[in-house]
Amino acid sequence: MTQRALDPSGDEPNRSPMPDGTGRQVKIDAGSEPDPVHPAGRPAAARGLTAAEVAERIARGEVNDVPVRSSRSLTEIVRANVFTRFNLIIGVLWVIMLFVAPIQDSLFGFVIIANTGIGIVQEWRAKKTLDSLAVIGEAKPTVRRDGVAAEISTSEIVLGDLVELGPGDKAVVDGTVAEADSLEIDESLLTGEADPVLKRPGDPVMSGSFVVAGSGAFTATKVGREAYAAQLAEEASRFTLVQSELRSGISTILKYVTWMMIPTAIGLVISQLVVKDNNVKDSIARTVGGIVPMIPEGLVLLTSVAFAIGVVRLGRKQCLVQELPAIEGLARVDVVCLDKTGTLTEGGMDVTEVRALNGTDEPYLHRVLGALGSSDPHPNASLQAIIDAYPVPDGQRWDVTQALPFSSARKYSGAAFDEGDGHESAWLLGAPDVLLPEADPALTEIEQLNEQGLRVLLLARVRGELDGPETAAGAVPGALIVLEQRLRPDAGETLAYFADQRVATKVISGDNAVSVGAVAAKLGLPGAEHTLDARKLPTDPDAMATAMEENSVFGRVTPQQKREMVAALQSRGHTVAMTGDGVNDVLALKDADIGVSMGSGSEATRAVAQIVLLNNSFATLPSVVAEGRRVIGNITRVATLFLTKTVYSVLLAVLVVCFQVEYPFLPRHLTLLSTLTIGVPAFFLALAPNKERAHPHFVRRVMRYAIPSGTIAAAATFAMYLIARSHYSGTGALDAETSAATLTLFLVSMWVLAIIARPYTWWRICLVAAMGLAFLIVLVVPWLQDFFALKLVGTTMPWTAVGIAVVASVALEYTWRLVGRRFPV
């Protein structure tokens, strides 16, 4: 499309497009005094920097060297995974064990090394995915140099560059307005003020603000780390594992575990080294064997791995997660607010009909529509459809004397033309119910079209200034422009998914309510037949919340109302996700619990959204929800496994201290048990599909099962140990007692695993069975018996161990059901 501009003399403008390779054209603002003219025919000030000037600024270091919008560096990843509190404790205990016991008792150290390595590799993979997607999803500003506009990387901007702006563009550096054509900039992300600010040449532009109407250009005055945008960019794409209920819950659990572990470990050390007169090395080994299993170090690691794998999985589906907790957050969402245009419908539209009103000549209407299309350098989807349907033939272009860009607040645009031969005209194009009085008979006809899912614009002629306060009131209808939107082929299936998952869907659009309802009805959205015009919404927050809960489709919603709607739903305890792609969605995206932007959306929406769908497909959202539910549900499962081990380890240590007996296990025994009943199963369970809806109160949900399970396991194991101590005597008695106690603890832990693995699938059954088979192999293969110091002696005690484990398993079943009834979450 050729971009036109009036020169200061008012003569016919130069119609030759500037080939910038981006589809965006240069707009030259008229000034009261002409600038010095460049030999190429363009004012020098409007041509931007020359190549020599750019090179000079680069040499001086005046470049926008913003902090890298990236995830953690490899060094930071290694440091975060290796240098942890629990790795330090285990590392010290491992070194001790290497000196005082056989290598079998030091296996737990090698397991920690392997697990930490897995964590580093997975997070490194997630980092590479995140970095590559951030580059793909980053919008490049348009900079004019040597009179040619081209998109460049943000980091290539230099001091003094002339940066072009259009609707939806974000200012990435600070500067001063050089050109302005009805330029309105929203600075709400900086100041909190929702009203856009009209900018004129000489006015400042703050990085982080974005354009809501008009176009223009500004000269960069602050670049790099001096610009406010550098701080925003650094925060926007930082790889973070904090600020989520899951992570904070685990941190809370670990804090209490640490305080509980310290006195217990001290008591165990004193008991084994001072009270019992045993071999020193054996006492140290059994002491370490009692301390190590108290530490649920694998839980933190597995959570990090699950999140990291989630990023990689979503990255393969062209979904950029700018803030990692968004995976978890979207899984907790119970209300999704959707914008119709660009979300449920594709960006393109088609003109299906032009209905003349008041006897307007139809060929003349076509010329007016073509002129309106060519007057806007940044057409929206509706105007682009008109441009495609009514192109302006060469040599028949009207001069634009005044232009009024489209604004979502007023819901119309306009332009005034010099048609030649002394004829002038001014036109508005926008929403009929805004431009027409309430009693106008044309509204009935429009409503009928809207009920068919068609979009209708009104072309009206006006007199006087286009931006006057009463311009729309005096408009004379000229024609109805009937447009048809293209529905996304996967939108209906996605809406059905949310309905099946008991996630309420609210369609919030600035379009006519009846038209929005027709589109929603075509997609099968429940409640689409009852639409609500947002202009009739109550202003009281509580009343608005009630209306939001009772209705599903809303039309004629202003940007400020979208924000109020999100707040109203949140006031009723809902977790709200907001999707959008236009600048009118930015405020609501920012306030929602989770903001989701389309990749083709404006730079502003992508900047504030936590999730960016780079493939522009609304159908990707179910994948994000499923990934979040998989992470939350599975980590809740495996957390119960890890903390059950912590509980029974602490209780066994307390019982050993109280009864003044040897600790029943060596580290190798608990390494074997942890690997078969927790480590290996937890890895597979944490990565398995899980569609269970996310629930709040993570700590309560985990501990209500872990405490009774660990208590039962500890009681059964210690009872078996005491029975075995009274049965065996002589040389090798301690080994026999340990083997019987180990069998009991393994069987009880296996039952906990069997409960957590429900509901059963073929692979879950195979997983549990494989763990049991692996333990059986250890018991029957001689060299494994020697390696793990496990050998069942006689038949009485082994069968007694099985019997006690059966009783404990029955107690587990009863307890889990009782807890589920008495302490529901």
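All values reported here derive from a predicted model rather than from experimental measurement. (Residues numbered from 1 in each chain as written. Predicted model: local features only at pLDDT ≥ 70, side-chain atom pairs only at ≥ 80, totals over all residues. Heavy atoms only, no water.)

Let us look at the environment of Val810. With respect to the element layout, Val810 can be found in helix H28 (residues 796–822). Judged by its relative accessible area of 54%, Val810 falls in the exposed class. Separated by 59 residues in the primary sequence, Val810 and Trp751 have C-alpha atoms spaced 9.4 Å apart. (Helix = DSSP H or I, 4+ residues; strand = E, 2+ residues; numbered from the N terminus. Buried < 20%, exposed > 50% of the residue type's maximum accessible area, 1.4 Å probe, protein only.)

Moving on, we come to the nonpolar core. Core analysis: the biggest nonpolar cluster contains 92 residues, and Ile635, Val638, Phe698 and Phe775 have the highest contact counts within it. Among residues more than four places away in sequence, those in contact with Phe775 are Leu672, Leu673, Leu676, Thr742, Leu743, Phe746 and Leu790. Residues Ile327, Leu525, Val553 and Ile594 belong to the second largest nonpolar core, which totals 33 residues. (Core = buried A, V, L, I, M, F, W, Y, C linked by side-chain atoms within 4.5 Å. Contact = heavy atoms within 4.5 Å.)

Attention shifts here to helix H15 (residues 442–451). When H15 is considered as a whole, its buried residues turn out to be Ala442, Ile446, Leu449 and Asn450. One face of H15 carries all of its buried residues, which in axial projection span an arc of 100 degrees. (Arc of directions from axis to C-beta.)

This paragraph deals with a nonpolar patch on the surface. Nonpolar side chains collect at one region of the surface, where Val95, Leu98, Phe99, Ile103, Phe110 and Ile113 lie side by side and expose about 600 Å² of accessible area between them. Put simply, the parts of the chain that give the nonpolar patch at least two residues each are helix H3 (85–100) and helix H4 (107–137). The element that contributes the greatest number of residues to the nonpolar patch is H3, accounting for three residues. With respect to the element layout, Phe110 can be found in helix H4. Classification of Phe110 by relative accessible area gives partly exposed; the value is 40%. (Patch = residues over 30% accessible without salt bridge, like charges linked within 9 Å, V, L, I, M, F, W, Y side chains within 5 Å. Areas by Shrake-Rupley, 256 points an atom, 1.4 Å probe, with all protein chains shown as cover. Salt bridge = Lys/Arg side-chain N within 4 Å of Asp/Glu carboxyl O.)

We now examine unusual backbone geometry. Along the chain, Arg758 connects to Pro759 via a cis peptide bond; the corresponding omega equals -5 degrees. In this structure, Pro759 sits in the loop between helix H25 (733–756) and helix H26 (762–780). The phi angle at Gln318 is positive, at roughly 60 degrees, despite the residue not being glycine. Following the sequence through the fold, Gln318 ends up in the loop between helix H9 (297–316) and strand S8 (319–321). In this structure Gln318 comes out as partly exposed when scored by relative accessible area, which is 30%. With phi around 55 degrees, Asn358 is a residue other than glycine that occupies positive phi space. The residue Asn358 is located in the loop between strand S10 (345–356) and helix H12 (362–375) in this model. With relative accessibility at 61%, the residue Asn358 sits in the exposed group.

Right, let's get into the pairing of strand S2 (residues 148–151). Pairing between strand S1 (residues 142–145) and S2: four bridges, direction antiparallel. What sits directly across from Arg144, in S2, is Ala149. Hairpin geometry of S1 and S2 is characterised by an intervening segment of two residues between the two adjacent antiparallel strands and by a positive phi of about 55 degrees at Asp146. (Pairing = 2+ DSSP bridges.)

Pairing between side chains of opposite charge can happen when the charged atoms of each approach one another. Throughout the structure, instances matching the rule amount to 20 salt bridges. One salt bridge in this structure joins Arg60 and Glu62, with 3.0 Å as the shortest N-O distance. Relative accessible area serves as the criterion here: at 46%, Arg60 is assigned to the partly exposed category. You can call Glu62 partly exposed: its relative accessible area is 23%. The partner of Arg355 in a salt bridge is Glu353, with the nearest N and O atoms 2.7 Å apart.

So, about the packing of aromatic side chains. The relation between two aromatic rings is expressed through the spacing of the ring centres and the mutual angle of the planes. Inspection of the entire model under this criterion finds 11 aromatic pairs. On the numbers, 5.8 Å between centres and 85 degrees between planes, the contact of Phe683 with Phe684 is edge-to-face. Grouping aromatic residues by their ring pairs yields a cluster made of Tyr364, Trp398, Phe417 and Trp427. (Phe/Tyr/Trp six-rings, centres within 6.5 Å; stacked < 30°, edge-to-face > 60°.)

It is worth spelling out the sheet that holds strand S16 (residues 504–508) at this point. In spatial order, the strands read S8-S21-S20-S19-S9-S16-S18-S17; together these eight strands make up an open sheet with mixed pairing. Since the sheet does not close on itself, it has two edges, and those belong to S8 and strand S17 (531–533), each with one partner. Neighbouring strand axes in the sheet, compared pairwise and without regard to direction, differ in orientation by 20 degrees on average. By the bridge criterion, three bridges tie strand S9 (residues 335–338) to strand S19 (residues 576–580) in an arrangement that is parallel. In the sheet register, Cys337 faces S19, and the bridge partner there is Met578. (Axes fitted to C-alpha atoms, helices over the stretch in contact; angles between N-to-C directions.)

Taken residue by residue, helix H18 (residues 541–550) has Met544, Ala545, Ala547 and Met548 as its buried positions. When H18 is viewed along its axis, its buried side chains cluster within an angular range of 165 degrees and face the same direction. On the buried face of H18, the contacting elements are S16, S17, strand S18 (553–555) and helix H19 (559–571).

Here we take up the confidence of the model for the protein. A residue-level look at the protein finds 84% of positions with pLDDT of 70 or above and a mean pLDDT of 79. Model confidence for the protein, summarised as mean pLDDT per element, is weakest for helix H6 (residues 228–236) at 51 and strongest for H26 at 93. In the predicted structure, residues 1–42 sits below a pLDDT of 50 and forms 85 contacts with residues beyond four places in sequence or in another chain. (pLDDT = per-residue confidence, 0-100.)

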